[in-house]
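Examining the three-dimensional arrangement
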Amino acid sequence: MLTAENIYKSYGQNQILKGIGLRVKPGKITALIGPSGSGKTTLLRCLSMLEAPNAGEINFDNKTYRFPLDAGDKIIPPWPDLTVVFQQLFLWPHLTLRENITLPLKRTGREQELEHLESLIDLFNMRLFIDRYPDETSLGQRQRAALVRALALKPKFILLDEITSSLDVEQVGLILNELKAMRDRGIGILIITHLLHFASEGADQIVFMDKGQVIESGAPAILKNPRTDRLKQFVSIVEAAT
Amino acid sequence: MSVFDIIAQYHVGLIQGLIVTFKLAMIIWFFGLLLGGVLGCASARWKKSIGVPARLCSFLLSGIPILVFLFWFHYPMQAILNVVIDPFITAVVALTIVNMFMVADLIRNVLAEFPDQYITAAKVCGLSPMQTLFDIQLPLILRQSIPGLLMIQVNMLQATLFASLISVDEIFRVAQRINSIVYRPVEVFTALAILFLIICLPLNGLALWLKNRFTRRVFER
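What you see is a predicted model, and the numbers here were worked out from it, not measured in a lab.

Quick notes on the overall build of chain B
When helices and strands are tallied, chain B shows 10 helices and 0 strands. Moving toward the C terminus, one meets the helices and strands of chain B in the order α-α-α-α-α-α-α-α-α-α. In terms of its C-alpha atoms, chain B occupies a principal-axis envelope of roughly 70 × 45 × 25 Å. Within the span of chain B, comprising 221 residues, buried residues form 43% of the whole. Put simply, chain B shows about 11700 Å² of open surface, and 71% of that area lies on carbon and sulfur atoms. Computing the positive centroid from 16 side-chain charges and the negative centroid from 10, chain B places the two 9 Å apart.

Written out as structure tokens, the structure is:
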């Protein structure tokens, strides 16, 4: 289980997260939705421990990380058991897609996973372009490579930041199927998305954030029958725009 | 007397001049790259305490022609300090300073523009800081900086010609001396141009090839 309790984060005077609590279950997809600037990406960076919250508690796999840290304390984040795929993908441009995937496996002592790599390449239909450099592939192909790079490490939880934002409908459908396959392998997934149909079709749980707080959360049905006016307003605006 | 006759007849002097030119260039390259690399890294790491003064010096230096800088080191500075320094050493010091600041500028810019996201990606993939440095940062930084560094070193090789004007017996001074004997300026300086083309063109070509081959694979599209 990956949980966050009472997370606060500010940049200078700007309070971004105001006491957030969240639970990501293994083998489930949690979709984090909300307007731009609501603090979704900041929450993801805090959950992944790329940034330390100002206050709060993160629990990963029965290990508790309390913030703020005591003076002299240093956290050892549970990477790559907890890993992230970013919107911009961050594939290393000097390596082929295959090297992008195999480098972390070799460096983290997971050479045995190289045997399963070929099946992952087939599963994600990457055979034709796996030996190309990132700048020789399409965005959708790079998206799959970034997912496979994370997946090959056999993480327990994957956090995904807007990975569908630049994809067309067909590619979004492909990614959704791939996320379901990952969920079926027992991986806990947190995905930030603006696509409500993607969230309602693929997620097991929806969390709606606004102004640094969780306003409403629950099963995907909350998108059809929101309890709060703010979610109702958000859903109607997004649906009108799409 | 043709270009090739001049090269054949004065090859001993030309080779000696070339040796001095190469000796000068090697020292300027070595110390310029070493000190410039260190200064560039330090400028990127300590932006205010080292970066700002280094950029200021570099900015001032960029406004002074290399020839004026070299002459200033050779005449006014030595007069002020009341010392006489071997022109070869003067040329080494002056041109190394120029090279050092050019290299430092390039290294600092490459480091400052290095995309942090690649380090973030390495972190979440479980790579250690040392693995990130050797597998991700260094290869990308080298790809980004080597073509530019090569171009600077070719320019510095050409700048060694200025040393002839403070009496360093490098190739240009040898060529001038040969010309004063045979008085065939077209042939003598064509021979000099051919020699420099033979040396500089492959280096320029290599820099261009590296630039085209590698720099497109430095930043994410």
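Once you've had a look at it, read on.
Brief notes about the pattern of salt bridges
Residues and elements named next belong to chain A. Taken as a whole and assessed by the stated rule, the structure comprises 18 salt bridges over all chains. Its salt-bridge partner being Glu118, residue Arg127 comes within 2.6 Å of it at the nearest N-O pair. Residues Asp122 and Arg127 are paired through a salt bridge, measuring 3.0 Å at the closest nitrogen-oxygen approach. With relative accessibility at 39%, the residue Arg127 sits in the partly exposed group. Each of Arg98, Glu118, Asp122, Arg127 and Asp131 takes part in one network of salt bridges that share partners.

Side note on the side chain of Glu113(A)
Residue and element names in this part refer to chain A. By secondary structure assignment, the location of Glu113 is in the loop between α2 (97–107) and α3 (114–123). Assessed through its relative accessible area of 12%, Glu113 is described here as buried. Every residue in contact with Glu113, bar those within four places of it in the chain, is listed here: Leu105, Ala152 and Lys154.

Brief notes about the sheet that holds strand β4 (residues 55–60) of chain A
Residue and element names in this part refer to chain A. The strand order β2-β1-β4-β5 describes an open sheet built from 4 strands, whose pairing is antiparallel. Among the strands making up the open sheet, the edge pair consists of β2 (14–24) and β5 (63–67). The mean inter-strand angle of the sheet, taken between neighbouring strand axes irrespective of direction, is 20°. Taken together, the 8 bridges between strand β1 (residues 2–11) and β2 define a ladder with antiparallel strand orientation. Bridged to Tyr8 within β2 is Lys18.

Notes on the interface of chain A and chain B
Chain A puts 26 residues into the contact, and the matching count from chain B is 22 residues. Here chain A and chain B share an interface that buries about 2200 Å² over both sides, 60% of which is from carbon and sulfur atoms. At the boundary of chain A with chain B, the tally comes to 1 salt bridge. The partner of Arg107(A) in a salt bridge is Asp135(B), and the shortest N-O contact between them spans 2.5 Å. Scanning the region where chain A abuts chain B turns up 5 residue pairs in polar contact (both at pLDDT 80 or more). For the side of chain A that touches chain B, the secondary-structure elements that each account for two or more residues are β6 (82–85), α2 and α4 (139–152) of chain A. Residues of the side of chain A that touches chain B, tallied by class, amount to 16 nonpolar, 5 polar and 5 charged.

Structural notes on helix α7 (residues 116–124) of chain B
Inspection of α7(B) places Tyr118(B), Thr120(B), Ala121(B), Ala122(B) and Val124(B) among the buried residues, and these make up the whole buried set. Along its buried surface, α7(B) packs onto β6 and α4 of chain A together with α8 (129–159) of chain B.

Remarks on the sheet that holds strand β7 (residues 157–161) of chain A
Residues and elements named next belong to chain A. Spatial strand order, β6-β7-β8-β3-β9-β10: 6 strands in an open sheet with mixed pairing. Edge positions in the open sheet fall to β6 and β10 (213–218), since each of these has one partner strand only. Each strand of the sheet is rotated relative to its neighbour by a mean of 20°, with strand direction disregarded. The sheet contact formed by strand β3 (residues 29–33) and strand β9 (residues 205–210) spans 4 bridges and is parallel. Among the inter-strand pairings, Ala31 is bridged to a residue of β9, identified as Ile206. The sheet contacts of helix α5 (residues 169–184) involve β3, β7 and β8 (188–192), and relative to β8 the element is tilted by about 150°.

Overview of a nonpolar patch on the surface
Residue and element names in this part refer to chain B. Nonpolar side chains collect at one region of the surface, where Met130, Leu133, Phe134, Leu138, Leu142 and Ile146 lie side by side and expose about 520 Å² of accessible area between them. Along the chain, the position of Leu138 falls in helix α8. On the accessibility criterion, Leu138 (31% relative accessible area) is partly exposed.

Overview of the packing of helix α3 (residues 47–62) of chain B against helix α6 (residues 87–112) of chain B
Residues and elements named next belong to chain B. At their nearest, the axes of α3 and α6 sit 10 Å apart, and the two run at 125° to each other. On the basis of the axis angle, α3 is oblique to α6. Taken as a pair, α3 and α6 cross one another with a handedness that is left-handed. Across the interface between the two elements, Ala54, Arg55, Cys57, Ser58 and Leu61 of α3 pack against Ile97, Val98, Phe101, Asp105 and Arg108 of α6. When its residues are assigned to classes, the contact of α3 with α6 shows 6 nonpolar, 1 polar and 3 charged.

What counts and what doesn't
Residues take numbers from 1 onward in each chain, read along the sequence in its written order. Here chains are named by letter from A upward and ligands by number from 1 upward, in the order in which they appear as written. Reporting of local features is limited, given that this is a predicted model, to residues whose pLDDT is at least 70; pairs of side-chain atoms are given and counted only at 80 or more, and all residues count toward the totals for whole chains, interfaces and linings. Hydrogens and water are ignored here; the side-chain numbers use all heavy atoms of the structure. Strands are runs of DSSP state E lasting at least two residues, helices are runs of H or I lasting at least four, and both sets are numbered from the N terminus onward. Note on classification: 1.4 Å probe, protein chains only; a residue is buried when its accessible area is under 20% of the maximum for its type, exposed when over 50%, partly exposed between these limits. Computed with the Shrake-Rupley method and a 1.4 Å probe, the accessible areas treat only the protein chains shown as cover for residues. Think of it this way: Lys and Arg go in the positive column, Asp and Glu in the negative one, and His and the chain ends go nowhere. Throughout, a charge is located at the NZ atom of Lys, the CZ atom of Arg, the CG atom of Asp or the CD atom of Glu. Between Lys or Arg on one side and Asp or Glu on the other, a salt bridge is scored when a side-chain nitrogen of the former is within 4 Å of a carboxyl oxygen of the latter. We call two residues contacting when some pair of their heavy atoms lies within 4.5 Å. Strands are labelled as partners when DSSP assigns at least two bridges between them. Here an angle of 0 to 180 degrees is reported between the N-to-C directions of two axes, which are lines fitted to C-alpha atoms, with helices fitted over the stretch in contact. Note on terms: buried area is the combined drop in 1.4 Å-probe accessible area of two parts once they are placed together, counting the loss on both. A 3.5 Å cut-off defines polar contacts: any pair of N or O atoms within that distance qualifies, except that in protein one atom must be a possible hydrogen donor and the other a possible acceptor, and neighbouring residues in sequence count only when both atoms are side-chain atoms. Following the grouping adopted for this structure description, the nonpolar residues are Ala, Val, Leu, Ile, Met, Phe, Trp, Tyr, Cys and Pro, the charged ones are Asp, Glu, Lys and Arg, and the polar ones are all others, Gly among them. The patches reported here contain residues having more than 30% relative accessible area and no salt bridge. Joining distances are 9 Å for like charges and 5 Å for nonpolar side chains (Val, Leu, Ile, Met, Phe, Trp, Tyr). Note on terminology: angles under 35 degrees are roughly parallel, angles over 145 are roughly antiparallel, angles of 65 to 115 are roughly perpendicular, and the others are oblique. Each crossing gets its hand from how the near helix is turned against the far one by less than a right angle, where anticlockwise is left-handed and clockwise is right-handed.

Don't take any of this as a statement about function, it's just geometry.
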